Amino acid sequence: MSYQKEVHIAQLAVQRATILTQRVFHGTKGTESKDDRSPVTVGDYGAQALIIHAIQHNFPNDEIVGEEEASTLRQNPNLTTQIWDLVKAAQLDDTAAEQELGGPLESPEQMLQAIDAGRSAGGLRGRIWALDPIDGTKGFLRGGQYAVCLALIEDGDVKVGVLACPNLPVDDSAPLSADVGEKGSDGEGRGVLFAAVFRTGATSRPLGQGALRTSRPIRMQDVPDITQATFCESVEAGHSSHGDQAAIAKKLGITKESVRMDSQAKYGSIARGAGDLYLRLPVRADYEEKIWDHAAGDLIVREAGGKVTDAEGKPLDFGRGRTLKDNKGVVAAPKTVHQQVLDAVKSVLSSK
Ligand SMILES: Nc1ncnc2c1ncn2[C@@H]1O[C@H](COP(=O)(O)O)[C@@H](O)[C@H]1OP(=O)(O)O
Ligand SMILES: [Mg+2]
Ligand SMILES: [Mg+2]
Ligand SMILES: [Mg+2]
């Protein structure tokens, strides 16, 4: 199977969803108090509805594991109307592409049903899409990094992964900096769409409309000297231990500050060689990572020449349900240095 239709539809679907997320961000900026999470709620539901509608139109027999579900939304008609207005207006300029996605949704009820179609339990058999409509909610709210993430898992293996990152530089060679991580902005020169298909490599293309078919291949950067590598990690210390990361960097002789950013933009950034290593180090022993937080990024990094495992060296197992219940942490690195990084991770974690 070549998965060409799957990756094409997945790219268009996340691209359309970012029209909505960007409108939500710009429409609410400055009008909401800082700790008001309503923009992200609107963006989450709206993007999930749009993407599931496109999947169901093209692949009606596939299952979907989506992060959100509509039960609380059904009790809030004002919020439903607000989201519906955004969902019906989010259309690609390219009318042929819009038709391929099934065109606009027909009614608020159809929108609610689409959101609720993301309730698959996941598992080892069949074709299952994993969807995170907005990954990196904190980054989204602050105007930093976030991603719209979609992957197709077949019999437990990720076959297609796409990540739309509206606030990352378009330029694959733009170096990472704390500024890129913390202050995104989707202005001029920003917005990139990463994609990968199992065994055919990874690509990027501009996210802007009018650039629907101009993908270029991406590769991880060689790391001839590990002491010069750039680490990426979460902004949130509660999602990945900053202290353990610093100890691991020290053990490897890395002196450069890590780059902190929210979301799977970290996987995309190392896949195109803007950074080198991504570590996610468990903070709470009982937290199970969600498949929609990793499936697309895992494939994009592996197809760009990387290796992705958990902190014990096991591959991420996407066939266990809605979570990665058999894995703890993530170590993503170019194949050539992965073992060296993993050894440092194991040594630091076992000495705690
Ligand atoms: N304790 C935790 N450990 C690791 N990841 C977490 C934890 N709590 C939430 N997350 C998830 O981490 C993701 C963001 O990761 P990052 O910090 O790399 O941007 C979110 O999807 C978030 O899930 P949720 O959507 O439930 O908040
Ligand atoms: Mg997420
Ligand atoms: Mg999310
Ligand atoms: Mg969430």
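Residues numbered from 1 in each chain as written. Chains lettered and ligands numbered in written order. Predicted model: local features only at pLDDT ≥ 70, side-chain atom pairs only at ≥ 80, totals over all residues.

*Asks:* Please explain the UniProt feature "binding site: Mg(2+)" (unreviewed entry) in the protein chain as it appears in this structure.
*Replies:* Under the feature "binding site: Mg(2+)" (unreviewed entry), the UniProt entry names E67, D132, I134, D135 and D293. In three dimensions, the annotated residues from a span of 227 residues occupy one location, with a maximal C-alpha spread of 9.8 Å. Residue position: D132 is located in strand 2 (residues 127-135). Among residues more than four places away in sequence, those in contact with D132 are E67, C149, W292 and D293. Its 31 C-beta neighbours within 10 Å are what place I134 among the buried residues. (UniProt positions renumbered as here; feature names shortened; annotations may be inferred. Helix = DSSP H or I, 4+ residues; strand = E, 2+ residues; numbered from the N terminus. Contact = placed C-beta atoms within 7 Å. Buried ≥ 20, exposed ≤ 12 C-beta atoms within 10 Å, placed from the backbone.)

*Asks:* Would you mind showing me how to read the sheet that holds strand 9 (residues 259-260) here?
*Replies:* Whether parallel or antiparallel, the strands of a sheet pair through hydrogen bonds between backbone atoms. On the basis of which strands lie adjacent, the open sheet formed by five strands has the order 9-8-10-12-11 and mixed pairing. Edge positions in the sheet fall to strand 9 and strand 11 (306-309), since each has one partner strand and no second. Sheet analysis places strand 10 (residues 277-280) next to strand 12 (residues 330-334), joined by three bridges and oriented antiparallel. Across the sheet, the residue bridging to R280 is V330, located in strand 12. Of the strands in this sheet, strand 8 (231-233) and strand 10 touch helix 9 (residues 242-251), which is tilted by about 170° from strand 8. Contacting strand 10, strand 11 and strand 12, helix 12 (residues 335-350) crosses the sheet at an angle of about 145° to strand 12. (Pairing = 2+ DSSP bridges. Axes fitted to C-alpha atoms, helices over the stretch in contact; angles between N-to-C directions.)

*Asks:* What should I look at first to understand the pairing of strand 4 (residues 157-169) in this one?
*Replies:* Burial analysis of strand 4 places eleven of its 13 residues in the buried class, which makes it a mostly covered element. Summarising the sheet, strand 3 (residues 147-154) and strand 4 pair through seven bridges and their orientation is antiparallel. Across the sheet, the residue bridging to C149 is L163, located in strand 4. Pairing between strand 4 and strand 5 (residues 190-197): seven bridges, direction antiparallel. Pairing of V162 across the sheet is with A195, part of strand 5.

*Asks:* Would you mind showing me how to read the domain arrangement of the protein chain here?
*Replies:* A common measure of how large an interface is: the accessible area buried when the components associate. Each assigned domain of the protein chain is listed with its residue range as follows: domain 1 (4-218) and domain 2 (226-350). Placing the centre of domain 1 and that of domain 2 at their C-alpha centroids yields a distance of 23 Å. Contacts between the two partners involve 43 residues from domain 1, matched on the other side by 32 residues from domain 2. At the level of elements, strand 2, helix 7 (137-142), strand 3, strand 4, helix 8 (178-182), strand 5 and strand 6 (201-206) are the ones that each hand at least two residues to the side of domain 1 that touches domain 2. Grouping the constituent residues of the side of domain 1 that touches domain 2 by class yields 25 nonpolar, twelve polar and six charged. (Domains from an automatic or database assignment. Nonpolar A, V, L, I, M, F, W, Y, C, P; charged D, E, K, R; others polar.)

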